[in-house]
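# Coordinate analysis (summary)
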Amino acid sequence: MNEVKSPKKPLVYYYGIVLLVLVLLNLIVAPMLAQSQVTEVDYGTFMYMIDQKSIGQVQVEDNQIIFTDKNDNNKIYKTGVMNDPTLTERLYNSGAKFAKDIDQQMSPILSFLLTTILPLVLFIALGQYMSRKMLERAGGGKGSMMFGLGKSNARVYVPSSEGIHFKDVAGEDEAKENLSEIVDYLHNPKKYTQIGASMPKGVLLVGPPGTGKTMLAKAVAGEANVPFFSMSGSEFVEMFVGMGASKVRDLFKQAKEKAPCIIFIDEIDAIGQKRDGRIGGNDEREQTLNQLLTEMDGFEGNNGVIILAATNRPESLDPALTRPGRFDRRVPVELPDLKGREEILKVHAKKIKVQDDVDYHTIARMAAGASGAELANIINEAALRAVRDNRSLVSQADLEESIEVVIAGYQRKSAVLSDKEKRTVAYHEIGHALVAAMQTASAPVQKITIIPRTSGALGYTLQVDQGEKYLLTKAELTNKIATYTAGRAAEEVAFGEITTGASNDIEQATKLARAMITRYGMTEEFDMVAMETVTNQYLGGDTSLSCSENTQREIDRQVVALIKAQHQKAKQILLDNRDKLDQLAKFLYEKETITGEEFMAILNDKTDDTPEQ
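Position labels on residues start from 1 in each chain and follow its written sequence. In keeping with the predicted nature of the model, local features appear solely for residues at pLDDT of at least 70, side-chain atom pairs appear and are counted solely at 80 or more, and the whole-chain, interface and lining totals rest on all residues. Neither water nor hydrogens contribute to the side-chain values; these are computed over all heavy atoms in the structure.

What follows deals with the sheet that holds strand S14 (residues 460-463). Two strands pair if DSSP finds at least two bridges between them. In DSSP terms, a helix is any run of H or I states spanning at least four residues, a strand is any run of E spanning at least two, and both are numbered starting from the N terminus. Here three strands make up an open sheet; going across it, the order is S14-S13-S17 and the pairing antiparallel. The open sheet has two free edges, formed respectively by S14 and strand S17 (593-595), since each of these has just one partner strand. For this sheet the average axis-to-axis angle between neighbouring strands, irrespective of direction, equals 10°. Strand direction decides the pairing type here: strand S13 (residues 445-449) and S14, joined by four bridges, are antiparallel. Across the sheet, the residue bridging to Val 445 is Gln 463, located in S14. Throughout, a contact is declared for two residues whenever any of their heavy atoms are within 4.5 Å. For helices, the axis comes from a line fit to the C-alpha atoms of the stretch in contact; other axes are also lines fit to C-alpha atoms, and the angle between any two N-to-C directions lies between 0 and 180 degrees. The strands that helix H20 (residues 578-591) touches are S13 and S17; relative to S17, the one it contacts most, it runs at about 120°. In this fold helix H21 (residues 596-603) packs onto S13 and S17, with an angle of close to 75° to the strand it touches most, S17.

Looking now at the nonpolar core. Note on terminology: a nonpolar core comprises buried Ala, Val, Leu, Ile, Met, Phe, Trp, Tyr and Cys residues joined through side-chain atoms within 4.5 Å. Using a 1.4 Å probe on the protein chains alone, a residue whose accessible area is under 20% of its type maximum counts as buried, one over 50% counts as exposed, and one in between counts as partly exposed. Grouped together as the largest cluster of nonpolar side chains are 28 residues, with contacts concentrated most on Ile 430, Ile 448, Leu 574, Leu 581 and Phe 599. Listing elements by their share of this core, those giving two or more residues are helix H16 (419-437), S13, helix H17 (474-495), helix H19 (549-576), H20 and H21. Ranked by residues supplied to this core, first place goes to H16 with seven residues. Here Leu 581 is in contact with Tyr 427, Ile 430, Gly 431, Leu 434, Ala 490, Val 493 and Leu 574, once residues within four sequence places are set aside. Among the nonpolar cores identified, the runner-up in size contains 27 residues, and Ala 175, Val 183, Met 199 and Val 333 belong to it.

Our next topic: H16. An α-helical segment advances 3.6 residues per turn. Residues three or four places apart therefore align on the same side. Between its first and last C-alpha, H16 extends 27 Å over 19 residues, near the 27 Å set by a 1.5 Å rise per residue. The buried fraction of H16 is high, at 14 of 19 residues. Here a helix's expected span is defined as the number of its residues, less one, multiplied by 1.5 Å.

Below, the discussion takes up the pattern of salt bridges. Only one rule defines a salt bridge in this text: a Lys or Arg side-chain nitrogen within 4 Å of an Asp or Glu carboxyl oxygen. A full pass over the atoms with the stated rule returns 18 salt bridges. Taking the shortest distance from any N to any O, the salt bridge between Lys 191 and Asp 184 comes out at 2.7 Å. For Lys 191, a relative accessible area of 48% gives the class partly exposed. Notably, a salt bridge pairs Lys 346 with Glu 342, separated by 3.6 Å at the nearest N-O pair. In this pair, Lys 346 and Glu 342 both sit in helix H12 (residues 338-349), four residues apart, roughly one turn of the helix. Under the relative-accessibility criterion, Lys 346 is labelled partly exposed at 41%. Via salt bridges that share partners, Arg 385, Asp 389, Arg 391 and Asp 398 belong to a single interconnected network.

Here H12 contains 12 residues, and its C-alpha end-to-end distance of 16 Å stays within 8% of the 16 Å for a straight helix at 1.5 Å per residue. Of all 12 residues in H12, nine are buried, a share of seventy percent or more. Turning to H12, its buried residues are Leu 338, Gly 340, Arg 341, Glu 342, Ile 344, Leu 345, Val 347, His 348 and Ala 349. Taken together, the buried residues of H12 touch helix H13 (360-366) and helix H14 (372-388).

All quantities given are derived from atomic positions and should not be read as evidence of function.
If you want it as structure tokens, here you go:
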């Protein structure tokens, strides 16, 4: 879409012009005016004033002599230079004072005009000019519209053949279907009004960051072929109370004049948060919200004006804003599934040159849980890697490596591990992989590496599920905990001591074990009672306990018992397969990076070992 807006010069541009004028006045005009205050006399007058001992200060130069009258130092004279060997002696005898630089001052009145009156006039003129320009941009409004403060600065987009359309958005079929209905209504309203149907006044796009909410809004603008007003929620909030409400009124006034049209408010939670009624709250934000509520379903109908809004904090929005009649429809824009990730990868891969044998399905499986923005970054990182290697096409290896870059960061080539540390990391990572492989309800191992990464990881084990999973059983979750604890268990089995390398494993295992007890109801003691609530589910999912202190102590006890049991289980699996642990750790130590196929090839050579259930 093409954005239509008038070019604006920053305020510093105009003040820069004023400053430049003042500098020129002081460097050029003022010295010239000061020079004009010097009176030129003949050499005879100079000799006469010496004889009369009326010379105050004198400055003898190569081409001129500048002197003052002793009785009036403000009078400055100059004369030419003559061949007069006794001049210095006669000046000294007359009582004249030799000066290095006689201050050639201009008249006080002229100095006052240049240094005070003229800058003041320039700044007043600049202020009037800026006021006039802002009023012109604000359409000549008055009152709160003064200087454009209450004027909506929404960006207006017009149709463009190069804009984003629904075909450019992949992985969000349900969201596109909902929004396609809105576009169809704008094109053919009679089809809906004939049966008595009316379109929702507001559509709320909710989902995690990077899933494409703003891109979907731009696609609606590309498909609708109607005026599209775009504005961020934070742009409504001003330092003066009432300015935000004025911007809302102006925005809807413009929209009604151009109906049918679409208004898009990005990050609406900036003005739409719940009104808690606390004294000393943000009055400006609440007034802005109240005005938005009034405009959405006031006495005046908003026929043809449809509002799109995006947020990743839907639970923080005011109930009056999300009720039917205002935002009638909520469109989830969730993280893409396996098929969606594959389609998104293909869309972004059209922008780069890739080899014909690239398997997007495998890349999509490896990028489980990635958002659309992260998938776009994966494609770009792969292209950058190909350029660094002086290749013209992106390969499968580039894409796989770019996933690791997004997940764990770049390889730290400057980080050199000692032989003992490298061996410890090798046993740690093989411990993860071996325990995962010896459990039936566990994702297959894709890759193991002990090359340090910029994220701080000294190595990692990558597991990739064969398909998309929406439900996890209790057995799968406990197996995950056992796999998390297996790195520390491998250190204990191989060296009889432990290191700090398991800090992230401990954090993940504790988080998962606590969720099993407090949220998933996977304990007999608490059954199906929720002990924990989740807030900001799209922004990290912060949790807070909602139970008594005695219950919290019991939760802590059960978390410790669960992790301890899985730690012992992992340790026993490694003891039962100690030969394979040593063999695989040695192989990883030598190669630094091995694939899942290489790992399974060595593991499947076993004779007596049987998988644990």
